[in-house]
Amino acid sequence: MARGSLALKLGVSFTSSSLLLLLLAYHSCSFYLPGVAPQDFSTGAELKVKVNKLTSTKTQLPYSYYSLPYCPPEHIVDSAENLGEVLRGDRIENSPYVFQMREPLQCKVLCRITLNAKTAKEFKEKIDDDYRVNMILDNLPLVVPFRRSDQENAVVYQHGFHVGLKGQYAGSEDLKHFIHNHLTFTVKFHKDSQLDLARIVGFEVKPFSVKHQYDGEWKNENMRLTTCDPHARRAVTSSDSPQLIEDKKDVIFTYDVAFEESDVKWASRWDTYLLMADDQIHWFSVVNSLMIVLFLSGMVAMIMLRTLYRDISKYNQLQTQEEAQEETGWKLVHGDVFRPPTNSDLLCVYVGTGVQFFGMILVTMIFAALGFLSPSNRGGLMTAMLFLWVFMGLFAGYASACLYKMFKGTQWEKITLKTAFMFPSIVFAIFFVLNALIWGEKSSGAVPFGTMFALVFLWFGISVPLVFTGSYIGFKKPAIEYPVKTNKIPRQIPEQAWYMNPVFSILTGGVLPFGAVFIELFFILTSIWLHQFYYIFGFLFIVFIILIVTCAEITIVLCYFQLCSEDYLWWWRSYLTSGSSALYLFLYAAFYFFTKLDITKPVSGVLYFGYMLIASYAFFVLTGTIGFYACFWFTRLIYSSVKID
């Protein structure tokens, strides 16, 4: 009875932990640590705007800012970028946009360019593909504010401004392309109450397309324009006379700068970008997932009570084999339940890789929820995940070697090599092909040769030695002993009912783990493929904990039913049961592609499904390992609690 009460307490503790995390969700979501130190600007201090990549949700192919013939500075200088920024396709460079703090400008002329057939075509293609221009000031991204029609006084910010727009002249049916050549910047600042210093807390823009006019011949950038003149107090407020993009057309680029004092403090300046407009949906996601956990916790508690109390107490009494078989069949397979499975080496490799993934994601989630991976530190999240993956190779080698030794394996070097190379080589091969496609499109998203070499060095120079170190430690420790002995001759598995068919039970088991995360998955896909910030790591951490509990519980439930039907081949099925949720993830990704995205280019479609295939593969390894260890713990627990004659 003590074991039964312990099992019940275990199920309650899962639920209590989830509820505690739920209560802390709001604080986890709202707290973050900025990635840079604040910078104070005095009046007249120089503010330099940096330009970033051109992005499009239609093509998912980023390009550098100066891939279009925009006005360049005297010398183009690349900013230092971390590994994550390079992999994201960021290309941060200086620009000719220079302001003076709290000194407004009106109709500042940057340059005049003359389009030719090639440059006009490039601009038109970027406009057709809805490309947006991204800029940065004091580490804040440029945003375009607009009001939501469905909510009064609600302002939404879009990152970057469109390269241009398409429209028609009055009385004409032909679509024309117009360029956004005038930018009205608004720099929001928070002033120190005692000193004449200010900090930048906002960077907004309103783009316009204006066909600028001037008197006489063009001399230089100091020419006075008739369409935009600060002396005549003539400002650009609309695009009524837009600048057409055609061969041999002159385009004059201009900008305004206005400064606006704000009550927002520097520590809260990212709150606008990270505002959760759909927080109720996230709460619904968590509550929905908790209902699944509560349901499974009840089933597991009932199974544990029945298994550890009634079944075990009756088995330990003097009964005939026929009486025991009438009660349940899980004890009858005690001589075969710990028989090494088919392809045991492969199972060891996947379990070790899953442990590596689990460690990487868990540590990343903790640091992200605490706010150490702020969006202000561009590329920080991806960089952290890469380095954590590399260093978690120590645990991958240890886990695979321990399991391999339990299966009476002797060639630990072979299993170590497979653990170090199997999963990374598959992912690297897919990534290399996708990178070649991006390189063929001449996109800035293509990983340079130097960065590719750095990735290979992290793999071979750090990860592989750590896998070998962990594997050596795991293989030298005493092997895990089975609670019961294995028969020499395997028993025959009886004919299974349709609902215990391996394929049916595996696919059924993957539904619930996916159901616990699919709502949050929508927001993750939106942030990745629609270029939005994702910073609700408090909710995500809760969902991750719920995913772990769901994978463990559904695997235990189905494993128990399988053993009761006298089927002892649980090793691989436990891995595939929860791991099959990756299939539903990939199917949902396909559904998201056809319903939410507007991708038309074949290369972009291949990139999407290629990257989602990698994500689904990683999800399979992660969830499969969680389910495997849960079932492994369960089987050892129940078979170590009965007397075997």
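What counts, and at which threshold
Numbering of residues begins from 1 in every chain and follows the order in which that chain's sequence is written. The predicted origin of the model limits local features to residues at a pLDDT of at least 70 and limits the giving and counting of side-chain atom pairs to 80 or more, whereas totals for whole chains, interfaces and linings rest on all residues. To get the side-chain values, take all heavy atoms of the structure and skip hydrogens and water. UniProt positions are given in the numbering used here, feature names are shortened, and annotations may be inferred rather than shown by experiment. Note on aromatic contacts: the rings of Phe and Tyr and the six-membered ring of Trp form a pair at centre separations within 6.5 Å, being stacked when their planes are under 30 degrees apart, edge-to-face when over 60 apart, and tilted otherwise. Comment: elements are numbered from the N terminus, with helices defined as DSSP H or I runs of at least four residues and strands as E runs of at least two. For every residue, the accessible area obtained with a 1.4 Å probe (protein chains only) is divided by the maximum for its type, and the residue is called buried under 20%, exposed over 50%, and partly exposed between those limits. A ring is considered to have a charge above it if a Lys NZ or an Arg CZ atom is located within 6 Å of its centre and within 35 degrees of its normal. Convention adopted: a line fitted to C-alpha atoms gives each axis, helices being fitted over their contacting stretch, and angles between N-to-C directions are expressed from 0 to 180 degrees. Any angle between 65 and 115 degrees counts as roughly perpendicular, while under 35 counts as roughly parallel, over 145 as roughly antiparallel, and the rest as oblique. By convention, the crossing between two helices is left-handed when the near helix turns anticlockwise from the far helix through less than a right angle, and right-handed when the turn is clockwise. Any pair of residues with heavy atoms lying within 4.5 Å of one another is described as a contacting pair. Each residue is assigned to one of three groups, with Ala, Val, Leu, Ile, Met, Phe, Trp, Tyr, Cys and Pro labelled nonpolar, Asp, Glu, Lys and Arg labelled charged, and all others, Gly among them, labelled polar. Helices are assigned an expected span. That span is 1.5 Å times one less than the residue count. Think of a 1 Å grid over the protein atoms and nothing else: a 1.4 Å probe that fits but is trapped marks a cavity, an open set flanked by protein within 12 Å on at least five of seven lines marks a pocket, and residues with an atom within 4 Å of a point count as lining. Grid points are joined across faces, edges and corners, and a volume is the space filled by probe spheres set on the points. Boundaries of every domain are those given by an automatic assignment or by a domain database. Our working definition of a disulfide is a cysteine sulfur pair at a distance within 2.5 Å. This arc is taken over the directions from the axis of the helix to the C-beta atoms. Polar contacts here mean pairs of N or O atoms no more than 3.5 Å apart (in protein, one a potential hydrogen donor and the other a potential acceptor; neighbouring residues in sequence count only if both atoms are side-chain atoms). Here, the term nonpolar core denotes a set of buried Ala, Val, Leu, Ile, Met, Phe, Trp, Tyr and Cys residues that are joined through side-chain atoms within 4.5 Å.

- The name given to the protein in an unreviewed UniProt entry is Transmembrane 9 superfamily member, with Populus alba x Populus x berolinensis as the source organism.
- You can read under Sequence similarities (unreviewed entry) in the UniProt record for the protein the words "Belongs to the nonaspanin (TM9SF) (TC 9.A.2) family."

Remarks on the packing of aromatic side chains
So, point 1. Scanning the entire structure with this criterion turns up 60 aromatic pairs.
So, point 2. Note on phenylalanine 185 and phenylalanine 203: the rings are 5.5 Å apart at their centroids and 15° apart in plane angle, and the pair reads as stacked. Separated by 18 residues along the polypeptide, phenylalanine 185 in strand 12 (residues 182-191) and phenylalanine 203 in strand 13 (residues 197-208) bring together distant segments of the chain. We note that phenylalanine 185, like phenylalanine 203, is buried.
So, point 3. Residues phenylalanine 423 and tyrosine 617 carry aromatic rings whose centres are separated by 4.8 Å and whose planes lie at 40° to one another, so their mutual orientation is tilted. One end of the pair, phenylalanine 423, is in helix 10 (residues 412-440); the other, tyrosine 617, is in helix 17 (residues 602-639), with 194 residues separating them in the sequence.
So, point 4. What links up through ring pairs into an aromatic cluster is the set Tyr350, Phe357, Trp389, Phe423, Trp572, Tyr575, Tyr617 and Phe620.
So, point 5. If you follow lysine 126 out to its NZ or CZ, it ends over the ring of tyrosine 63, 4.5 Å from the centre.

Overview of the packing of helix 15 (residues 571-579) against helix 17
So, point 1. For the pair helix 15 and helix 17, interaxial distance at closest approach is 7 Å and the crossing angle is 135°. Considered as vectors, helix 15 and helix 17 are oriented oblique to each other. Where helix 15 crosses over helix 17, the two elements pack in a sense that is right-handed. Contacts between helix 15 and helix 17 pair Trp571, Ser574, Tyr575, Leu576, Ser578 and Gly579 from the former with Phe620, Val621, Thr623, Gly624, Thr625, Gly627, Phe628, Cys631 and Phe632 from the latter.
So, point 2. Broken down by class, the residue content of the contact of helix 15 with helix 17 amounts to eight nonpolar, seven polar and no charged.

Points about helix 8 (residues 380-391)
Since the α-helix packs 3.6 residues into each turn, any two residues three or four apart lie on the same face.
So, point 1. For helix 8, spanning 12 residues, the distance from its first C-alpha to its last is 17 Å, which sits close to the expected 16 Å at 1.5 Å a residue.
So, point 2. Among all positions of helix 8, only Gly380, Thr383, Leu388, Trp389 and Val390 are buried.
So, point 3. Summarising the contacts, the buried residues of helix 8 are in contact with helix 3 (83-88), helix 7 (344-370), helix 9 (393-406), helix 10 and helix 11 (449-476).

Concerning the environment of tryptophan 572
So, point 1. Position of tryptophan 572 among the secondary structure elements: in helix 15.
So, point 2. Residue class for tryptophan 572 comes out partly exposed when judged on its relative accessible area of 21%.
So, point 3. Between the alpha carbons of tryptophan 572 and proline 341 there is a distance of 7.4 Å; along the sequence they are 231 residues apart.
So, point 4. Sequence-distant contacts of tryptophan 572, that is, excluding residues within four places in its chain, are made with Pro341, Thr342, Asn343, Leu346, Leu347 and Tyr350.

Considering the layout of surface pockets
So, point 1. Here the second largest pocket is characterised by a volume of approximately 380 Å³.
So, point 2. Together, 22 residues line the second largest pocket, and Lys50, Ile136, Asp138, Asn139 and Arg378 are the ones closest to its centre.
So, point 3. Tallying contributions element by element places strand 2 (residues 46-55) first for the lining of the second largest pocket, with four residues.
So, point 4. Its residues assigned to classes, the lining of the second largest pocket shows eight nonpolar, seven polar and seven charged.
So, point 5. Residue contributions to the lining of the second largest pocket reach at least three from each of two domains, namely domain 1 (45-273) and domain 3 (342-481).

Regarding the state of the cysteines
Disulfide: a covalent bond connecting the sulfur atoms of a pair of cysteines.
So, point 1. Throughout the structure, instances matching the rule amount to two disulfides.
So, point 2. With its sulfur 1.8 Å from that of its partner, cysteine 71 forms a disulfide with cysteine 111. Across the S-S bond of cysteine 71 and cysteine 111 the torsion is about -75°, and the bridge reads as left-handed. On the criterion of sequence distance, the pair formed by cysteine 71 in the loop between strand 2 and helix 3 and cysteine 111 in strand 4 (residues 105-114) is long-range, its members being 40 residues apart.
So, point 3. Covalently, cysteine 107 is tied to cysteine 228 through a disulfide, its sulfur atoms 2.2 Å apart. With cysteine 107 in strand 4 and cysteine 228 in the loop between strand 13 and strand 14 (250-261), the pair connects residues that are 121 residues apart, well separated along the chain.
So, point 4. Using a relative accessible area of 1% as the deciding quantity, one classes cysteine 228 as buried.

Description of the side chain of serine 444
So, point 1. Inspection of the secondary structure puts serine 444 in the loop between helix 10 and helix 11.
So, point 2. What makes serine 444 buried here is its relative accessible area of 10%.
So, point 3. In contact with serine 444, not counting residues within four places along its chain, are Lys53, Pro62, Tyr63, Ser64, Gly89 and Arg91.

Description of helix 4 (residues 117-128)
So, point 1. Here helix 4 is 12 residues long and its end C-alpha atoms lie 16 Å apart, about the 16 Å a rise of 1.5 Å per residue gives.
So, point 2. Looking only at helix 4, the buried set comprises Thr119, Ala120, Phe123, Lys126 and Ile127. Across the axial projection of helix 4, the buried residues extend over an arc of 130°, all falling on one side. Those residues of helix 4 that are exposed and aimed more than 90 degrees away from the buried face are Ala117, Lys118 and Lys121.
So, point 3. In the core, the buried residues of helix 4 are packed alongside strand 10 (164-167) and strand 11 (176-179).
So, point 4. For helix 4, the side-chain oxygen to backbone nitrogen distance between the N-cap and lysine 118 is 3.1 Å, and the N-cap itself is asparagine 116.
So, point 5. Directly beyond the C-terminal end of helix 4, a positive phi value near 60° is found at aspartate 130.

Brief notes about the environment of lysine 118
So, point 1. Locating lysine 118 in the fold gives a position in helix 4.
So, point 2. By relative accessible area, lysine 118 is classed as exposed at 60%.
So, point 3. With 129 residues separating them along the chain, lysine 118 and aspartate 247 place their C-alpha atoms 8.2 Å apart.

A look at the nonpolar core
So, point 1. Among the nonpolar cores identified, the biggest contains 164 residues, and Tyr97, Phe99, Met135, Phe185, Trp570 and Trp571 are the most heavily contacted of them.
So, point 2. Broken down by element, the residue count for this core peaks at 21 residues, all from helix 14 (residues 537-564).
So, point 3. Other than its neighbours up to four places away in sequence, tryptophan 571 contacts Val337, Phe338, Arg339, Pro341, Leu347, Met406, Phe407, Tyr482, Phe628 and Phe632.
So, point 4. With 10 residues, the next largest nonpolar core counts Cys107, Val210, Met223 and Cys228 among its residues.

Considering the packing of helix 14 against helix 17
So, point 1. Interhelical geometry of helix 14 versus helix 17 gives an angle of 50° and a closest axis separation of 8 Å. Considered as vectors, helix 14 and helix 17 are oriented oblique to each other. For the element pair helix 14 and helix 17, the recorded crossing hand is right-handed. Across from Phe544, Leu547, Ile548, Cys551, Ala552, Thr555, Ile556, Cys559, Tyr560 and Leu563 in helix 14, the residues of helix 17 making contact are Phe619, Leu622, Thr623, Ile626, Gly627, Ala630, Cys631, Trp633, Phe634, Thr635, Ile638 and Tyr639.
So, point 2. For the contact of helix 14 with helix 17, the class distribution of residues is 18 nonpolar, four polar and no charged.

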